[in-house]
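# Notes for the structure review
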Amino acid sequence: MYETPLRAQESPRPEDYPRPLIKYGWLRALLAMPAWILAQVVVSTVVFVLAHGNPATEDTVGRPLGIVTQFLQLIGTLAVVVLFRKLIDRRSFVSLGFALDKKHLRDLAAGIIWGIALISAVFIVVLLADGVRITDLSHPLSALANMTLMMIAVAFNEEVLVRGYLLNNVMASVNKFVALFLTSLVFALGHLLNPNATIAGLVNIILAGLVLGIYYIHRQNLWFPIGLHFAWNLFQGSIYGSAISGVNTPSIIQTEIVGSDLLTGGTFGFEASLVTTMVLSLAVLALHRIYRRRRPEVR
């Protein structure tokens, strides 16, 4: 993935691009965070006004205000990332990882399949181990449609910021595996204030950051992690009835927690389960093995 080469039939070299306004990638990433926080404060203010003075709560999940909130947050993230990418990095927004061709479309589909497979594995193991009991089945089609829209916005929002801008720039300063761990840690800290957060949950979100980023450090394209992130969240909450990082959502399968928190993740959801720890650890190794071999890029 890269921008149009200046020399026909040649891959672009570093000297083919303007030098970034700020030399160090880690510093560019660090400076983007206060700007992003400011943008999200502005979004929160707009949401507060739209809610007629009532703070947005998790009751908005799957509802029109929740959808509007997520897309406003995405717009705020895109505004900051586009400005920093163009003015500070002096590169195109697309070069963050939005090159799209048949191979990357296949990787988008692969990401969705991986997301479904991983969270399904967690659910099946927890169910067979008597961690949860299915109590009812429902068909909240309108809620499912709303959640699909929300999860699209969430996946794009977090992947553009963390795997896109932050990981891309930190990789320019340090070893790519170190950059992956550091940005995964930032990703986990961003969930620190979620309802019912636990140490096990934060560890698993670090692992989730590794799963989402291992493809990126090899291919530097965002479609696979966006697909995986979207499918993981949607199936975890809206299909299997688990809280998503502590936030409850309408779901098709209604479940009751009957096992220990170590097995089920408790009120934080499957993301705090030891089963998830094992599944994500294996996924990191598998994805690294699959995508570490480089393939020719489409110019």
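Everything discussed here concerns the structure shown above.
Here goes a summary of the coordinates provided.

Calculation criteria
- Position numbers for residues start from 1 in each chain and track the written sequence from start to end.
- With the structure being a predicted model, the display of local features is reserved for residues of pLDDT at least 70 and the display and counting of side-chain atom pairs for 80 or more, all residues being used for whole-chain, interface and lining totals.
- Think of the side-chain values as coming from all heavy atoms in the structure, minus any hydrogens and water.
- Each helix is a run of DSSP H or I of at least 4 residues and each strand a run of E of at least 2, with the numbering of both proceeding from the N terminus.
- Three exposure classes are used, based on accessible area relative to the maximum for each residue type with a 1.4 Å probe and protein chains only: buried under 20%, partly exposed in between, and exposed over 50%.
- We call two residues in contact whenever any of their non-hydrogen atoms come within 4.5 Å of each other.
- Fitted lines through C-alpha atoms give the axes, limited to the stretch in contact for helices. The angle between two N-to-C directions lies from 0 to 180 degrees.
- Left-handed describes a crossing whose near helix is turned anticlockwise from the far helix by less than a right angle; the clockwise case is right-handed.
- As a working rule, the residues Ala, Val, Leu, Ile, Met, Phe, Trp, Tyr, Cys and Pro are called nonpolar, Asp, Glu, Lys and Arg charged, and the rest polar, with Gly in that last group.
- Side-chain atoms within 4.5 Å link the members of a nonpolar core, which is a set of buried Ala, Val, Leu, Ile, Met, Phe, Trp, Tyr and Cys residues.
- Centres within 6.5 Å are what make two rings of Phe, Tyr or Trp a pair, Trp counting through its six-membered ring; a difference in plane orientation under 30 degrees is then read as stacked, over 60 as edge-to-face, and the rest as tilted.
- For a Lys NZ or an Arg CZ to count as sitting over a ring, it must be within 6 Å of the ring centre and within 35 degrees of the ring normal.
- Here a polar contact is recorded for every N or O atom pair within 3.5 Å, except that within protein the pair must consist of a potential hydrogen donor and a potential acceptor, and residues adjacent in sequence are included only if both atoms are side-chain atoms.
- What makes a salt bridge here is a side-chain nitrogen of Lys or Arg within 4 Å of a carboxyl oxygen of Asp or Glu, nothing more.
- Under this scheme an angle from 65 to 115 degrees is roughly perpendicular, one under 35 degrees roughly parallel, and one over 145 degrees roughly antiparallel; angles in between are oblique.
- Expected helix span is taken as 1.5 Å per residue step, with the number of steps being one fewer than the number of residues.

Summing up its helical and strand segments, the chain has 9 helices and 2 strands in all. Along its sequence from the N terminus, the chain presents helices and strands in the succession α-α-α-β-α-α-α-α-β-α-α. Of all 299 residues assigned to the chain, the portion counted as buried reaches 48%. Contacts in the chain between residues far apart in sequence, at least 24 positions, make up 78% of those at least 6 positions apart.

Further remarks concern the side chain of Asn 157. Relative to the assigned elements, Asn 157 resides in helix H4 (residues 141–170). Beyond its immediate sequence surroundings of up to four residues, Asn 157 is in contact with Trp 36, Gln 73, Leu 74 and Thr 77.

Here H4 crosses helix H5 (residues 176–189) at 145°, and the two axes come no closer than 9 Å. Considering the relative orientation of H4 and H5, their crossing is right-handed. Contacts between H4 and H5 involve Glu 158, Val 162, Arg 163, Leu 166, Leu 167 and Val 170 on the former and, on the latter, Ala 179, Leu 180, Thr 183, Val 186 and Phe 187. Residue composition of the contact of H4 with H5, grouped by class: 8 nonpolar, 1 polar and 2 charged.

Judged by nonpolar contacts, the single largest core of 69 residues is most densely connected at Val 122, Met 151, Val 211 and Phe 270. Among the elements of the structure, helix H1 (25–50), helix H2 (64–89), helix H3 (102–128), H4, H5, helix H6 (199–219), helix H7 (223–239) and helix H9 (274–291) are those that each provide at least two residues to this core. For this core, the leading source of residues is H4, giving 12 residues. With sequence-adjacent residues up to four places away left out, Val 211 is seen in contact with Leu 118, Leu 228, Leu 280, Ala 283, Val 284 and Leu 287.

Our next topic: the packing of aromatic side chains. Given two aromatic rings, their pairing is described by the distance between the two centres and the angle made by the two planes. Under the definition given, this model contains 12 aromatic pairs. Taken together through their ring pairs, the aromatic side chains of Phe 93, Phe 98, Phe 156 and Trp 223 make up a single cluster. Its guanidinium or amino end placed over the ring of Phe 187, Arg 163 lies 4.3 Å from that ring's centre, counting from NZ or CZ.

Among the structural elements, His 229 can be located in helix H7. For His 229, a relative accessible area of 6% translates into the label buried. Separated by 3.2 Å, the side chains of His 229 and Glu 158 make a polar contact. Sequence-distant contacts of His 229, that is, excluding residues within four places in its chain, are made with Val 154, Ala 155, Glu 158, Glu 159, Arg 163, Phe 187 and Leu 212.

On to unusual backbone geometry. Positioned with a positive phi, Arg 90 is a non-glycine residue whose angle comes to about 60°. Along the polypeptide, Arg 90 turns up in the loop between H2 and H3. Positive phi, normally seen in glycine, also occurs at Ser 245, with a value near 50°. Among the structural elements, Ser 245 can be located in the loop between H7 and strand E2 (253–257).

Side chains bearing opposite charge may pair, as long as their charged atoms lie close to each other. Here the structure, examined in full by the defined rule, presents 4 salt bridges. A salt bridge links Arg 28 to Asp 89, with the nearest nitrogen and oxygen atoms 3.3 Å apart. On the criterion of sequence distance, the pair formed by Arg 28 in helix H1 and Asp 89 in helix H2 is long-range, its members being 61 residues apart. Of the two residues, Arg 28 and Asp 89, both sit in the buried class.

As a further point, take the packing of H3 against H7. It is the contact of H3 with H7, at a shortest axis distance of 7 Å, that shows an interaxial angle of 30°. With respect to H7, the element H3 is oriented roughly parallel. Remark: the crossing between H3 and H7 carries right-handed chirality. Residues His 104, Asp 107, Leu 108, Ala 110, Gly 111, Ile 112, Trp 114, Gly 115, Ile 116, Leu 118, Ile 119 and Val 122 of H3 lie in contact with H7, whose contacting residues are Trp 223, Phe 224, Gly 227, Leu 228, Ala 231, Trp 232, Phe 235 and Gln 236. Here the residues of the contact of H3 with H7 sort into 14 nonpolar, 5 polar and 1 charged.

Moving on to H3. In a regular helix each residue adds 1.5 Å, so 27 residues correspond to 39 Å; H3 covers 38 Å between its end C-alpha atoms and thus fits that length. Three or more residues of H3 are buried, namely His 104, Asp 107, Ala 110, Gly 111, Gly 115, Leu 118, Ile 119, Ser 120, Val 122, Phe 123 and Val 126. Tucked inside the fold, the buried residues of H3 contact strand E1 (132–137), H6, H7, E2, helix H8 (261–264) and H9. The N-cap of H3, judged by a side-chain oxygen 2.8 Å from the amide nitrogen of Lys 103 a few residues on, is Asp 101. Of the residues trailing H3, Asp 130 is marked for its positive phi of about 60°.

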